[in-house]
Amino acid sequence: MNTRNTLIKGTAFINGKEIKGRKTFDVINPATGEAVIGVADLNRTAIEKAITVSEAAWESWKLTEVAQRSNILKNWYNLIVKHKHEIAEIITLESGKPLEESKIEVDYGSSFISWFAEEAYRTYGDQIPSPNRGKQIITIRQPVGVAAAITPWNFPLAMVTRKIAPALAAGCTIILKPASQTPLTAIAVAHLAKEAGLPNGVFNVITGKDSAEIGKILSTSPIVRKLSFTGSTGVGKTLMEQAASTIKKVSFELGGNAPFLVFDDADIEAAVRGAIAAKFRNAGQTCVAPNRFLVQDAIFDRFAEAITQAVQKLKVGNGLDKHVKVGPLINQNGLKKVQHHVSDALKKGARILTGAEHLEGLFYAPTVLADVPPNALMAKEETFGPIVALYRFQTEEDGIRMANDTEFGLAAYFYSQDVKRCWRVADALASGMVGINEGAISNAVAPFGGIKQSGLGREGSKYGMDEFTELKYLCFGL
Ligand SMILES: NC(=O)C1=CN([C@@H]2O[C@H](COP(=O)(O)OP(=O)(O)OC[C@H]3O[C@@H](n4cnc5c(N)ncnc54)[C@H](O)[C@@H]3O)[C@@H](O)[C@H]2O)C=CC1
Ligand SMILES: O=C(O)[C@H](O)CS(=O)(=O)O
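Since the structure is predicted, the reported quantities are computational estimates derived from the model, not experimental observations. (Residues numbered from 1 in each chain as written. Chains lettered and ligands numbered in written order. Predicted model: local features only at pLDDT ≥ 70, side-chain atom pairs only at ≥ 80, totals over all residues. Heavy atoms only, no water.)

Draft legend 1. Structural context of the sheet that holds strand β24 (residues 469–477). Taking strand neighbours across the sheet as the criterion, the 3 strands line up as β5-β6-β24 in an open arrangement whose pairing is antiparallel. Whereas interior strands pair on both sides, the edge strands pair on one side only; in this sheet they are β5 (126–128) and β24. Averaged over all pairs of adjacent strands, the angle between their axes in this sheet comes to 20°, without regard to strand direction. (Pairing = 2+ DSSP bridges. Helix = DSSP H or I, 4+ residues; strand = E, 2+ residues; numbered from the N terminus. Axes fitted to C-alpha atoms, helices over the stretch in contact; angles between N-to-C directions.)

The structure is reproduced here in structure tokens:
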């Protein structure tokens with residue numbers, strides 16, 4: 001463990017206190033296989049206590065003035081910025097992503113806090129013109145109550161602040177269960193939230209190996225009125241079923257299968273830059289990463305050649321090495337899924353242009369496969385790794401049909417310099433977010449979310465407050 005980094009703590013954080021478990025589980029550095037630190041493996045009693053303290057804290061937190069909530073969020077933002085390098089180091093140690101990416105994630109994750117510190121003042125209601133002179137009709141927005149958040153390992157800070165910041169801004173209290181692979185960043189920023197002036201019990205971090213058990217407790221508790229989940233579609237379905245038992249307000253950011261279309265009128269060099277930015281962030285382990293590259297036939301060979309050259313320049317290694325662009329996969333399951341998808345595609349006729357080999361440990365070579373058949377597993381399932389899978393299409397209609405041929409609908413990207421085509425294609429793509437001649441679309445001011453089996457609701461933007469507030473209608477008889 002890096003003893004110089006005092007923000008690395010293996011305790012859960014409940015009611016403003018560090019909580020040790022009778023048992024612990026190790027957080028493993030995926031680049032080295034070494035344990036970073038042991039983390040509290042909480043039992044049911046501790047998790048139920050987190051719910052109880054959140055309920056108690058809500059009684060006063062819901063009455064706080066917006067200015068107080070906003071100022072605490074601003075203090076929290078400033079503390080995260082002050083500790084940027086320690087937090088970035090923790091992100092890299094527990095997730096494996098390159099340190100430069102971790103620093104960018106600290107900027108991105110903290111931007112949700114500064115954004116919602118202001119959105120707290122803009123949780124507007126309505127004054128609706130009444131059809132009857134004897135009645136005044138207005139609406140107000142109020143905090144939902146005690147919320148629970150369950151987050152994935154791939155963005156140990158951003159996925160946390162994207163939920164915690166709007167919850168606190170709205171006046172909710174919240175219990176966070178971070179991924180067991182990467183809980184350290186969440187624990188660190190919870191301590192900074194207390195230092196920022198957040199009252200005890202308002203933001204609690206519970207840790208444990210048995211995610212299913214913890215999820216069951218949170219999703220079926222009648223005290224928890226809101227569940228916000230980011231992760232795989234399969235787990236999202238389980239949580240949605242469990243939350244139905246108490247009709248919770250839910251929001252889900254789930255899996256993706258993003259298409260990246262390159263039309264014959266595209267700027268090829270720009271498309272390659274956008275493809276690399278979108279695909280190799282976090283070694284391809286992001287839900288908005290392009291999973292299928294659909295290239296119009298006339299420029300297929302040019303694009304294939306150009307992206308292969310760009311991919312071959314990417315340095316693979318330990319994220320603490322400043323020259324590294326592609327880190328390890330998160331664990332053996334992630335590596336096995338990538339290997340299975342690649343071998344399946346090759347068996348079905350795909351061609352290797354570069355890579356397609358396991359290097360060592362959890363490192364996999366950045367890969368380009370050409371002419372991947374539509375019946376390949378990677379055409380339908382999220383690979384979640386550093387694999388560029390190229391597919392050909394003939395007409396614009398073929399490209400859109402192929403792009404939409406998936407149960408997912410989170411992000412989509414396309415490159416074209418024809419403005420009418422841009423409007424036609426953006427309108428036709430079945431996804432919650434579309435990058436048009438742009439590969440980096442995530443931003444705290446924009447509504448992040450998907451359709452179909454990629455989720456429900458939106459995070460970030462002004463819409464992010466809706467997920468943690470209820471709209472109440474008041475009818476005044478005069
Ligand atoms: N739409 C989005 O914004 C994002 C989607 N994802 C998706 O998540 C997957 C990869 O991330 P993972 O962390 O492996 O996903 P995952 O779904 O396995 O885990 C996500 C979180 O859920 C917890 N969890 C696992 N099983 C659970 C259960 N039965 N009940 C309650 N909680 C449970 C995990 O401990 C973790 O905290 C990919 O499919 C990726 O596309 C990941 C990040 C963002
Ligand atoms: O896990 C993910 O892929 C994130 O939700 C995507 S982003 O918001 O960090 O781009």
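Now, onward.
Draft legend 2. Seen up close, the packing of aromatic side chains. Inspection of the entire model under this criterion finds 9 aromatic pairs. Three or more aromatic residues joined by ring pairs make a cluster, and in this case those are Phe260, Phe293, Tyr413 and Tyr415. In this structure, Lys97 is placed above the aromatic ring of Phe155, and the distance from its NZ or CZ to the ring centre is 3.8 Å. The cationic tip of Lys226 hangs over the ring face of Phe468; the distance from NZ or CZ to the ring centre is 5.3 Å. (Phe/Tyr/Trp six-rings, centres within 6.5 Å; stacked < 30°, edge-to-face > 60°. Lys NZ or Arg CZ within 6 Å of the ring centre and 35° of its normal.)

Draft legend 3. Structural view of the site of ligand 1. Around ligand 1, the surrounding shell holds 26 residues, and the nearest of these are Thr151, Lys177, Ser232, Leu254 and Glu382. Between Ala179 and ligand 1, the recorded distance is 3.4 Å, taken from a backbone N or O atom to an oxygen atom. One nitrogen or oxygen atom from the side chain of Ser211 is found 2.8 Å from an oxygen atom belonging to ligand 1. When the free accessible area of ligand 1 is taken as 830 Å², the share hidden by the protein chains comes to 86%. A total of 3 residues in the shell around ligand 1 trace back to one element, the largest contributor, which is helix α7 (residues 211–220). Taken domain by domain, the shell around ligand 1 gets at least three of its residues from each of domain 1 (12–254 + 454–477) and domain 2 (258–443). (Near = heavy atom within 4 Å. Polar contact = N/O pair within 3.5 Å; in protein donor to acceptor, adjacent residues only side chain to side chain. Areas by Shrake-Rupley, 256 points an atom, 1.4 Å probe, with all protein chains shown as cover. Domains from an automatic or database assignment.)

Draft legend 4. Here's a closer look at the pattern of salt bridges. Considering all chains together, one arrives at 26 salt bridges under this definition. In this structure, Arg421 engages Asp264 in a salt bridge whose closest nitrogen and oxygen atoms are separated by 3.4 Å. Within this pair, whereas Arg421 is found in helix α14 (residues 419–428), its partner Asp264 is found in the loop between β12 (258–262) and α9 (268–279), the two being separated by 157 residues in sequence. The class of Arg421 is buried, set by a relative accessible area of 11%. Given the relative accessible area of 38%, Asp264 is considered partly exposed. We note a salt bridge from Arg351 to Asp371, for which the minimum N-O separation is 2.8 Å. (Salt bridge = Lys/Arg side-chain N within 4 Å of Asp/Glu carboxyl O. Buried < 20%, exposed > 50% of the residue type's maximum accessible area, 1.4 Å probe, protein only.)

Draft legend 5. Quick look at the site of ligand 2. In the region of ligand 2, the neighbouring residues are Tyr108, Asn154, Phe155, Met159, Arg162, Arg281, Thr286, Cys287, Val288, Ser442 and Phe448. At 2.8 Å, a side-chain N or O of Arg281 approaches an oxygen atom of ligand 2. Within the backbone of Cys287, an N or O atom sits 2.6 Å from an oxygen atom of ligand 2. Of the residues in the shell around ligand 2, the class split is 6 nonpolar, 3 polar and 2 charged. When residues of the shell around ligand 2 are assigned to domains, at least three map to each of domain 1 (12–254 + 454–477) and domain 2 (258–443). (Nonpolar A, V, L, I, M, F, W, Y, C, P; charged D, E, K, R; others polar.)

Draft legend 6. The arrangement of the UniProt feature "domain: Aldehyde dehydrogenase" (unreviewed entry) in the protein chain in detail. Mapped onto this structure's residue numbering, the UniProt feature "domain: Aldehyde dehydrogenase" (unreviewed entry) falls at residues 23–473. Between the first and last C-alpha atoms of residues 23–473 the distance is 48 Å; the span itself is 39% helix and 23% strand. (UniProt positions renumbered as here; feature names shortened; annotations may be inferred.)

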